[in-house]
Each structure stands twice: as C-alpha cells, then as structure tokens.
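As a plain string of letters, each chain reads:
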Amino acid sequence: MTAVVEEKSVIEFKGRMLMMTVLQLRTLDANQLHQEISQRLEDAAQWLQEAPVVIDIHSDLEIDHVNLMPAVDTLRNLGVNLVALARTDRIDIDTASTLGLGTLSLAGGRDVPRRSEPAADASTADTSQHSERVETLVVEQPVRSGQQVYSRGDMIVLAPVSTGAELMAEGNIHVYSNLRGRALAGVRGDSSARIFCQQLNAELVSIAGHYRVAEDLPDAHRNQPVHLSLQGEAMHFTALK
Amino acid sequence: MTKIVVVTSGKGGVGKTTTSAALATGLALRGFKTTVIDFDVGLRNLDLIMGCERRVVYDLVNVINGDANIKQALIKDKKVDNLFILPASQTRDKDALTQEGVEGVFRALREDMQMDYIICDSPAGIEKGALMAAYFADEAVVVTNPEVSSVRDSDRMIGILASKTRHAEEGKGDIPARLLLTRYSPERVEKGEMLSVEDVQEILAIELLGVVPESQAVLNASNAGSPVILDTDSDAGQAYSDAVARFLGDQLPHRFTTVNKKGLFGRLFGG
C-alpha cells in the first residue's frame, strides 16, 4: 500500500473578466502624441493612469517595430500603463515582444463608453465601430445548477434559473420565471444595465460589479416581480406591476 | 431498436440502484428483453439488490478489456425471464471505463444479444463513471429524494445530461429526462419537514414518472436480493409498477402522494 498524499498546487488558474482601455492611435508622431496625451491626462480621471491600456493602431498607418518604438516610449514616459498591442494581421507577437508588450485580440470584446471621456470628443470620434449591434441571447430551456450562460448583449431567459446557475450579460438580464441562481448584468462595467425578473429568489444579483447576496435582498421584493437598477453605487429595487 | 436508459441522480443514496433494479425487472416482466448494467465500478451493489452476487464471474470491465465476451459476462436472472445483469468490477476503478469500450458493450448488447432495453445504473457524482453511464443514453430517469440537496444535485445532473451525452454532442438536443421521486413521506411533507411533489417539480421542471413512498419494503427487498417491484403487495412495489407503466407511455394517476388517514380499525391494529 502506498499512501497518497495530496500535494497542494502552488498555482491556480482563474478566469476573470477585466476591463481594459483601448487607446487608438491615429498617428505615430511622438511629439503630437505627447502633447495630446499629457493634456488629456491632466483633465482625465485617474483611470487612464491606472487602467491597463491596449494600443490599437489605426489601419491607415504604416507600421513596423522601428517606427512604433518612439510612440510606445512616449506613452510609457507619460505613465500610461501599457500592456499589449491589439493583434491585427500586421502586428504579430514578435513585433509586440520587441516592444516589451503582449498582444491581445480585440475581436471578442465590446466597446463600452468611458464615462470620463470628454463629451465634445464624441462628435469627432469614429462612431462606425459603436453602431455594431450586439445580439440578444434568448434562453428557452431551464438554466440548471452548475450551468453558466453568457451574453455579449442582453439576455432573455424564459425558463427557471436554478440555484447554482449563473447568468452573465454585458447588457440587461430579463428572467420571465423564477430567478434562483445568480444574475450578473453589466459585467463589463455598464452601470446602466438592469435586471428584470418575475420572481426574485436569487443567490446573488450584480450590476457592473455592485452586488447583493440573497441575505441582503429586501424581504418585500422576495419572490416578487422586480426590476433592479443601479443608482450611484446602490442597488435599487422597484416592484414590477 | 434498443433503448438505452440511464438511471442517475448526482447525489448518492437516493435509490438509483433500487430504481434500476425495479425498472429493469418491470420491463422484463412485460416481455422486453432487458439488461441492467452496474456502472459503479469499484463500489458494486446492483448484484446484491438483484440477488445474483454469488454468480458473478465476469464484469463490465472484463468485457471492455476483452477478457470475456458479453455472453459470458451477462448473468441471467433466475426469477424473471428476459432479464440480464452485467455487474460492475469491484477491484478496478472508474478509469477502466473508456468511451470506446462502453460503446462496444452497448453494440454487443444491441447486435449480438438483441436487447430491447439497457438500463444503466449510474454511480453517484458527476465524475467519469456517471458521465460514461449517461453518454450513450437515449433517455434518462432522474432519481431524487424530496430534500434540498438531492434536488439541487439532480438539477445539476439534468444540466449535464443536456450537454454531455452523445445525443447532445451530435446536436440532437436534450435526451428526454423524467423524474422519479423516491423515499417520499406524505406525513413528513404535511409537517413541513420534506419538500412536496409540487415543490420538487417546480424546481426541476421535468415530467414526473412516479412517486415512490418511503417504505420498509425497499429495505426488505434489498436484504432479500429481490427487486422491490416483485413485492406486489407493497406500496413501493406498486409505485414502481406504475412508474414502469408510465415509462412505457401509460397514463396513470399518481398514488402514494397524500396522507392515508387511518380509520379506527387501522389505528387499533396499527395499519
């Protein structure tokens, strides 16, 4: 007989949804970049200095790792927390690693407006990429314990959601049945996302990271049709009539 | 056309083996050629419930490994015609179950043995043994006790059935899964100590195949090595007979779900 001693692993893999800032460069001119970014950093909030930033280079620009270097250095010197280059057919892992950066595919993500973005900028910004319509996910089968459903847009569930099940949507969540599992709306930071359900018996509800566990749900709304929204940092419960 | 049915639950001790034995015996009694397979490799039990533990020579793993062919390994039931048992290996672990191996066993049962039904008694848990028992199934019977942890585990299992079967992987959708509520005690439901049939159905949202009352007859049957469905005088035996009838498409009202008020006579003689 050999005794089997279970060794505790020294590492653990965890999946995590992270918010990244994508900085699109329409020029590689170091002086121009320095001027505009230092000005933005002054009136922009803390987020630009702390948030991990992915550089997305405009497709009109000619690039190679030589002409990218000054732009990257400029951004670094300004304290921008660069982590990666957006991967395109022109930018590969080698180019990025020469610059001390990783690569990231932006294909799977969704754009979220930055609240601290100056309003005037909206008119000049390239709006074509924001007009892309994100599909609503409709779930007609019961969502069972242990199952996880993710929607890049809204999610509509027409069957019960069991304890131990998890709904995650970048947009709103609607459950036209009993919600007993977890519902996380606005998982990419959209604080205007809402949760609607026919019977609120959730283990946890969350909007843009602000959550309430079952224990903290108001008794008046338990098992009732409810509409949840975020007001400031607080979860707001409204009875659905 | 051979039908493969998995009897599963997630949680242990809820009555999967009792149900597998009863269902297989009930189908065989109705003339269907039926094999019941114990997938609980390492924790063999079905042979005891079926009363054939002294006749085990080869087991499921032997057939998978090619040490024996299906004819050699199948144990023919002594009480019921058309009924065969394929026991689990007690000395091996669940890694001995391979997808190709299990598929080969089913093929042999279908083509060589011409079975009508194959009942797979799943082990507890959601590990390899349970997944192998369910993978090739055409239909599932989910055994649940009327208490929260059992219901939650069954819910998880139903979710797994919806994605981890060959049926689902080939894009043919979910396999039909029906609920068998066992160890039901209407008295305790009335006292609020147990979930009611309605509560469980509301949570699991699948068709109800039957309700088997908590019964001494089940324990007696296990001890005697005779499937409880053969005890036709017992409430549990009758409940299983009803469930088999419903399994085959009959419409029967559910029994044993309400408290049987004892009359004076019943009280005097202890019912």
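Throughout this document, residue positions are counted from 1 along each chain, in the order its sequence is written. Labels follow written order: the first chain is A, the first ligand is 1, and so on. In keeping with the predicted nature of the model, local features appear solely for residues at pLDDT of at least 70, side-chain atom pairs appear and are counted solely at 80 or more, and the whole-chain, interface and lining totals rest on all residues. Calculation of side-chain values draws on the structure's entire complement of heavy atoms; hydrogens and water are dropped beforehand.

- In the annotation of an unreviewed UniProt entry, chain B is listed under the name Septum site-determining protein MinD and assigned to Alcanivorax profundi.
- UniProt positions are given in the numbering used here, feature names are shortened, and annotations may be inferred rather than shown by experiment. What UniProt states about chain B under its Sequence similarities (unreviewed entry) heading is, verbatim, "Belongs to the ParA family. MinD subfamily."
- Taken directly from UniProt, the Function (unreviewed entry) text for chain B runs: "ATPase required for the correct placement of the division site. Cell division inhibitors MinC and MinD act in concert to form an inhibitor capable of blocking formation of the polar Z ring septums. Rapidly oscillates between the poles of the cell to destabilize FtsZ filaments that have formed before they mature into polar Z rings."

- Per an unreviewed UniProt entry, chain A goes by Probable septum site-determining protein MinC and derives from Alcanivorax profundi.
- The UniProt entry for chain A carries the following comment under Subunit (unreviewed entry): "Interacts with MinD and FtsZ."

## Some thoughts on the sheet that holds strand β1 (residues 21-25) of chain A
All names here are of chain A.
And then number 1: Only when DSSP finds a minimum of two bridges between them are two strands counted as paired. Each helix is a run of H or I in the DSSP string that is no shorter than four residues. Each strand is a run of E no shorter than two, and both are numbered from the N terminus. Reading across the sheet, the four strands line up as β1-β2-β3-β4 and stay open at both edges, with parallel pairing between neighbours. Every interior strand has two partners, whereas the edge strands, β1 and β4 (102-104), have only one. Adjacent strand axes in the sheet meet at a mean angle of 40° when their direction is disregarded.
And then number 2: Where strand β3 (residues 82-86) and β4 come together, three bridges link them in parallel fashion. When the sheet's bridge partners are listed, A86 is paired in β4 with L104. To obtain each axis, a line is fitted to C-alpha atoms, and for helices this fit is confined to the stretch in contact; angles are then taken between N-to-C directions over 0 to 180 degrees.

## Quick notes on the nonpolar core
And then number 1: Definition of nonpolar core: a set of buried residues of the types Ala, Val, Leu, Ile, Met, Phe, Trp, Tyr and Cys, connected through side-chain atoms within 4.5 Å. Burial classification: accessible surface area is computed with a 1.4 Å probe over protein chains only, and a residue below 20% of its type maximum counts as buried, one above 50% as exposed, and the rest as partly exposed. Residues B:I37, B:F39, B:I70, B:L86, B:V105, B:F106 and B:L109 are the most contacted members of the largest nonpolar core, which totals 50 residues.
And then number 2: Every residue pair with non-hydrogen atoms within 4.5 Å of one another is taken to be in contact. Excluding residues within four positions of it along the chain, B:V105 makes contact with B:I37, B:L60, B:V63, B:I64, B:I70 and B:L86.

## Concerning helix α10 (residues 197-204) of chain B
Residues and elements named next belong to chain B.
And then number 1: Of the residues making up α10, those classed as buried are V197, V200 and L204. Burial along α10 is one-sided: seen end-on, the buried residues are contained in an arc of 70°.
And then number 2: Packing partners of the buried residues in α10 comprise β6 (139-144), α7 (148-163), β7 (177-184) and β8 (207-213).
And then number 3: At the C-terminal side of α10, A205 shows a positive phi close to 50°. Here the arc refers to the directions that run from the helix axis out to each C-beta atom.

## Structural notes on unusual backbone geometry
And then number 1: Here the phi dihedral of A:A208 falls at roughly 50°; this positive angle occurs in a residue that is not glycine.
And then number 2: Among the structural elements, A:A208 can be located in the loop between β12 (204-207) and β13 (210-213).
And then number 3: Positive phi is not limited to glycine here, since B:R183 has a value of about 55°.
And then number 4: Its place among the elements puts B:R183 in strand β7.

## A few points about the pattern of salt bridges
Opposite charge on two side chains makes pairing possible when the charged atoms of those side chains draw close.
All names here are of chain B.
And then number 1: For salt bridges, the criterion is a side-chain nitrogen of Lys or Arg within 4 Å of an Asp or Glu carboxyl oxygen. Tallied over the full model, the rule gives 16 salt bridges over all chains.
And then number 2: A salt bridge links E147 to K11; the shortest N-O distance between them is 3.9 Å. One end of the pair, E147, is in the loop between β6 and α7; the other, K11, is in the loop between β1 (3-8) and α1 (16-29), and 136 residues separate them in sequence.
And then number 3: Salt bridges here are not isolated pairs; linked through shared partners, they connect K3, E139, R178 and E207.

## Structural notes on the confidence of the model for chain B
And then number 1: A residue's pLDDT is the predictor's confidence in that residue, given on a scale from 0 to 100. Chain-level pLDDT for chain B is 93 on average; 96% of the residues reach the 70-or-more range.
And then number 2: Here the predicted complex carries an ipTM of 0.71, next to a pTM of 0.68.

## Details of a nonpolar patch on the surface
And then number 1: Taken together, A:M20, A:V22, A:V83, A:L104 and A:L106 make up a surface patch of nonpolar side chains, about 320 Å² in accessible area.
And then number 2: With respect to the element layout, A:M20 can be found in the segment before β1. Distance thresholds for patches are 9 Å for like charges and 5 Å for nonpolar side chains (Val, Leu, Ile, Met, Phe, Trp, Tyr), applied to residues having over 30% relative accessible area and no salt bridge. For the area figures, the Shrake-Rupley method with a 1.4 Å probe applies, and any residue is considered shielded solely by the protein chains shown.

## Things to note about the packing of aromatic side chains
Between two aromatic rings, the relevant description is the distance of the centres plus the angle of the planes.
Residues and elements named next belong to chain B.
And then number 1: Here the aromatic set is Phe, Tyr and Trp, taking the six-membered ring for Trp, and pairing holds for ring centres within 6.5 Å; pairs whose planes are under 30 degrees apart are stacked, those over 60 apart are edge-to-face, and all others are tilted. For the coordinates displayed, the defined rule picks out five aromatic pairs over all chains.
And then number 2: Taking the centre distance of 5.7 Å and the plane angle of 70° together, the rings of F106 and F136 count as edge-to-face. Here the residue F106 occupies a position in helix α5 (residues 99-112), and F136 occupies one in the loop between α6 (128-135) and β6, the gap between them amounting to 30 residues.
And then number 3: By relative accessible area, F106 is classed as buried at 2%.
And then number 4: Relative accessible area serves as the criterion here: at 4%, F136 is assigned to the buried category.
And then number 5: Taking 4.8 Å as the distance between ring centres and 90° as the angle between the ring planes, the aromatic pair formed by Y135 and F136 counts as edge-to-face.
And then number 6: Clustering of aromatic rings is evident, with ring pairs tying together F39, F106, Y135 and F136.
And then number 7: Here, a charge over a ring means that NZ of Lys or CZ of Arg falls within 6 Å of the ring centre while also lying within 35 degrees of the ring normal. Seen from the ring of F84, K76 lies directly overhead, with NZ or CZ sitting 5.7 Å from the centre.

## Some details on the pairing of strand β2 (residues 53-57) of chain A
Residues and elements named next belong to chain A.
And then number 1: Within β2, five of the five residues are buried, which leaves it mostly tucked inside the rest of the structure.
And then number 2: Side chains V53, I55 and I57 project from β2 onto one buried face, and the interleaved V54 and D56 project onto a second face that is buried too.
And then number 3: The sheet contact formed by β1 and β2 spans five bridges and is parallel. Of the residues in β2, the one forming a bridge with Q24 is D56.
And then number 4: Across three bridges, the pairing between β2 and β3 is parallel. By the bridge assignment for β3, V54 is matched with A84.

## Overview of the pairing of strand β14 (residues 226-231) of chain A
Residues and elements named next belong to chain A.
And then number 1: By the criterion of burial, β14 is predominantly enclosed, with five of the six residues buried.
And then number 2: Judged from the three bridges that link them, strand β11 (residues 195-200) and β14 form a sheet pairing that is antiparallel. Looking across to β14, one finds that C197 is bridged to V226.
And then number 3: Here β14 pairs with strand β15 (residues 234-239) via six bridges, running antiparallel.

## As for the UniProt feature "binding site: ATP" (unreviewed entry) in chain B
Residues and elements named next belong to chain B.
And then number 1: When the UniProt feature table is mapped to this numbering, "binding site: ATP" (unreviewed entry) covers K11, G12, G13, V14, G15, K16, T17 and T18.
And then number 2: The contact partners of K11, leaving out residues within four places of it in the chain, are K16, A124, E147, S149, S150 and D153.
And then number 3: In contact with G15, not counting residues within four places along its chain, are V143 and Y240.

## A look at the packing of α7(B) against α10(B)
Residue and element names in this part refer to chain B.
And then number 1: Interhelical geometry of α7 versus α10 gives an angle of 35° and a closest axis separation of 10 Å. As for how α7 packs across α10, the hand of that crossing is right-handed. Only V200, I203 and L204 of α10 make contact with α7, whose side of the interface consists of V151, S154, D155 and I158.
And then number 2: In the contact of α7 with α10, the residues fall into five nonpolar, one polar and one charged. Should the near helix be turned counterclockwise from the far one by less than a right angle, the crossing is left-handed, whereas a clockwise turn marks it as right-handed. Three categories are distinguished: nonpolar for Ala, Val, Leu, Ile, Met, Phe, Trp, Tyr, Cys and Pro, charged for Asp, Glu, Lys and Arg, and polar for the others, with Gly belonging to the last.

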